[in-house]
Amino acid sequence: MVKHQPLQVYERQLCLSCLTGIYGCRWKRYQRSHDDTTKWECLWSFILFCTFSLLLVWFYFWWEAHNDYSEFNWFLYNRSGEWSDGTVPILAATAAGFTYIAFLMVSCNCSVAVILHCGFIGVTVALLTTAIGVISVTQMWGEEWDVVWISLQATGPFLHIGALAAVTALAWLVAGQMARAEKTRFQVMVLLIYLSVLLTLYFIPLSITSPCIMERGSLKAAPAIIGHQGAPMLAPENTLLSFNRALQRNVSGLEADVTISLDGIPFLMRDRTLRRTTNVRRVFPDRQYDDASLFNWTDLSSLNAGQWFLKDDPFWTVQYMSTSERWSVGNQTVCSLEQMLKLAAKSKSSAVFTLRRPPANHPHRHDWVNLTLDTVLRSGIPQQQVMWTVDSNREMVRNMAPGLQQTSVQKLPLDTLHHKGISRVLLRYNQASAQDNNISLTLYSVNEPWLYSLLWCSGVPSVSSEAPQVLRKVHYPLWLMSPDEYCLIWICTDIISFAVVLGIFIFQKWRMSGMRSYNPEQIMLSAAVRRSSRDVNIMKEKLIFSGVVFIRCLDCHSDGTHSLLRIH
């Protein structure tokens with residue numbers, strides 16, 4: 001005898017069959033549409049990444065170029081004729097753009113489509129302005145890009161660790177994206193890109209070189225510090241007060257820029273005109289644009305060379321001065337070469353100066369070297385304390401003053417230097433190379449501790465600085481490690497990163513596979529076998545979490561019809 005099942009069982013099975021068909025169709029549709037990353041979104045992500053990378057390089061450039069902010073502002077002054085701190089708006093705009101793009105990068109992981117519509121204009125503006133900035137700096141200040149490669153010798157080992165930590169943390173997003181993606185090709189592409197970047201970071205220390213990776217016993221004495229224009233961050237440049245402030249910081253020498261006056265007196269002036277560092281606009285308004293060498297010494301002596309420092313505050317140091325210090329600064333006058341040499345002789349410091357030849361209509365256009373040499377000999381400073389940098393008539397100068405240290409401001413072959421009797425070289429810090437260790441070398445302008453430390457490890461004997469008060473606080477290189485220590489750090493960092501990345505991929509795979517194992521059919525079949533209400537609710541939550549519209553049977557009628565309630 002055949003045992004018939006109750007009518008309710010048939011109704012339940014019919015309801016289950018209906019729901020299973022509906023959910024199965026929706027689940028397949030969901031699987032096809034789950035990977036919603038369109039071609040436009042991929043293109044957007046690529047543009048966003050390129051903009052972020054460009055801004056990152058731009059930001060790093062200006063961060064490390066802090067050593068040469070004064071030089072940059074001087075370039076701007078020579079072009080515009082007005083003094084201003086041009087680095088402030090650049091840094092503010094760079095920081096704002098970098099923050100904005102970084103925010104978009106983070107938000108892009110949540111909703112690419114929304115950010116695509118909201119951030120397109122902002123990214124375009126950031127990309128264009130940064131590109132224009134890079135082109136402008138390259139044309140006006142191209143040699144400054146060398147600071148990036150030089151700074152990497154000081155920051156390379158630490159940037160490597162930071163980059164490796166960031167890419168290791170990125171494994172969480174990459175692993176999650178791979179686990180959710182339905183297209184095998186997409187998974188392989190993402191994995192290959194990520195692994196390529198990761199392996200590059202694992203082995204990039206093979207190309208990292210730094211003079212500070214050395215045995216501690218090989219470290220030479222600290223470079224001697226020469227006050228370039230005295231201590232121009234503490235007092236007006238090329239004034240007696242500035243040189244005295246530098247000597248108070250125990251500098252080994254003084255450096256200045258020299259021009260010949262109309263009546264043949266060498267005096268200290270960096271600019272072509274007197275507008276920036278004197279009150280010539282008020283005293284001689286009709287001559288304010290004239291070349292500084294077209295003023296006689298009497299007129300030059302009547303000018304104030306300190307009030308501009310209090311007004312412009314070029315290094316933001318005036319606020320820390322006392323009332324007496326401000327009074328002293330505000331009463332400085334133009335300094336002559338002889339005054340500086342006598343001060344150097346009294347303090348037993350070396351003296352180095354660069355000499356600008358007078359213009360064509362100047363009465364001392366042809367005897368400018370003789371006038372300067374006479375001033376040096378008349379000042380009473382020992383010849384061996386003077387670094388003579390003027391290349392014109394060098395043979396005559398060597399015959400008249402054989403004790404002077406003949407110094408070149410050009411990078412020449414070693415044989416040429418010896419042939420000319422040159423024993424010292426004065427170069428910008430980015431022009432030095434390993435072969436220069438065979439001659440006495442002075443590099444300018446070194447104002448930041450990281451650069452001073454790097455040159456210290458390189459064995460540079462002396463540097464010229466606008467910030468001697470800063471460098472005097474550096475009693476040892478900022479970092480120094482032996483090759484064995486660096487190798488140990490490198491290997492340990494790579495091992496830790498590999499273990500973390502592997503653990504993240506395994507965990508994400510397990511996490512997403514557990515979530516995928518519950519499709520609509522399984523959830524409804526499980527509900528049909530009288531599981532506990534708690535288990536059913538959990539499975540329903542997983543169904544809703546997976547993005548599928550939930551439909552439940554509201555009533556099963558005896559005639560076989562069903563009432564369905566749609567719940568979003």
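This one's a predicted model, so the numbers in the text were calculated from it and none came from an experiment.

Details of the overall build of the chain
In step 1: For the chain, the count of helices and strands is 22 helices and eleven strands.
In step 2: For the chain, contacts bridging at least 24 residues in sequence account for 64% of all contacts bridging at least 6.
In step 3: Put simply, the chain shows about 29700 Å² of open surface, and 62% of that area lies on carbon and sulfur atoms.

Thoughts on the side chain of Ser 242
In step 1: Structurally, Ser 242 is set in helix H9 (residues 240–248).
In step 2: With residues near it in sequence (within four places) discarded, Ser 242 still touches Gln 229, Gly 230, Ala 231, Pro 232, Ala 235, Pro 236 and Glu 237.

Here we look at the pairing of strand S4 (residues 350–355)
In step 1: Most of S4 is tucked away: five of the six residues are buried.
In step 2: Note that strand S2 (residues 253–260) and S4 share six bridges and pair parallel. Note that in S4 the partner of Glu 255 across the bridge is Val 352.
In step 3: Direction of pairing for S4 relative to strand S5 (residues 386–388): parallel, over a ladder of three bridges. Considered in S5, the bridge of Val 352 is made with Met 387.

A closer look at the UniProt feature "transmembrane region" (unreviewed entry) in the chain
In step 1: When the UniProt feature table is mapped onto this chain, "transmembrane region" (unreviewed entry) is found at residues 42–63, 83–106, 113–137, 157–176, 188–208 and 488–507.
In step 2: Secondary structure content for residues 188–208 is 76% helix and 0% strand, while the C-alpha to C-alpha distance between its ends is 30 Å.

Some details on the environment of Ile 495
In step 1: Residue position: Ile 495 is located in helix H20 (residues 483–516).
In step 2: As for Ile 495 and Tyr 202, which are separated by 293 residues in sequence, their C-alpha atoms are 9.2 Å apart.

A short note on the packing of H9 against helix H14 (residues 337–347)
Helix packing geometry: the angle between the two helix axes and the distance between the axes.
In step 1: Where H9 meets H14, the axes come as close as 11 Å, and the angle between the chain directions of the two elements is 20 degrees. The pairing of H9 with H14 is recorded here as roughly parallel in orientation. Crossing geometry of H9 relative to H14 is assigned as right-handed. When H9 is examined against H14, the residues Leu 240, Phe 243, Asn 244 and Leu 247 are found in contact with a partner set consisting of Gln 339, Met 340, Leu 343 and Ser 347.
In step 2: Here the residues of the contact of H9 with H14 sort into five nonpolar, three polar and no charged.

What to know about unusual backbone geometry
In step 1: A positive phi angle is found at Asn 250, which is not glycine, with a value near 60 degrees.
In step 2: Within the element layout of this structure, Asn 250 appears in the loop between H9 and S2.
In step 3: Among the residues examined, Asn 250 registers a relative accessible area of 57% and is labelled exposed.
In step 4: One non-glycine residue, Trp 316, lies in the positive phi region at around 60 degrees.

Quick notes on a nonpolar patch on the surface
In step 1: Together, Leu 170, Trp 172, Leu 173, Phe 507 and Trp 510 line one region of the surface with nonpolar side chains, adding up to about 530 Å² of accessible area.
In step 2: Those elements that provide at least two residues to the nonpolar patch are helix H7 (146–180) and H20.
In step 3: If one sorts the elements of the nonpolar patch by residue count, H7 sits on top with three residues.
In step 4: Along the chain, the position of Leu 173 falls in helix H7.

Basis of the calculations
- Residues numbered from 1 in each chain as written.
- Predicted model: local features only at pLDDT ≥ 70, side-chain atom pairs only at ≥ 80, totals over all residues.
- Heavy atoms only, no water.
- Helix = DSSP H or I, 4+ residues; strand = E, 2+ residues; numbered from the N terminus.
- Contact = heavy atoms within 4.5 Å.
- Areas by Shrake-Rupley, 256 points an atom, 1.4 Å probe, with all protein chains shown as cover.
- Buried < 20%, exposed > 50% of the residue type's maximum accessible area, 1.4 Å probe, protein only.
- Pairing = 2+ DSSP bridges.
- UniProt positions renumbered as here; feature names shortened; annotations may be inferred.
- Axes fitted to C-alpha atoms, helices over the stretch in contact; angles between N-to-C directions.
- Parallel < 35°, antiparallel > 145°, perpendicular 65-115°, else oblique.
- Left-handed = near helix turned anticlockwise from the far one by under 90°.
- Nonpolar A, V, L, I, M, F, W, Y, C, P; charged D, E, K, R; others polar.
- Patch = residues over 30% accessible without salt bridge, like charges linked within 9 Å, V, L, I, M, F, W, Y side chains within 5 Å.
- Salt bridge = Lys/Arg side-chain N within 4 Å of Asp/Glu carboxyl O.

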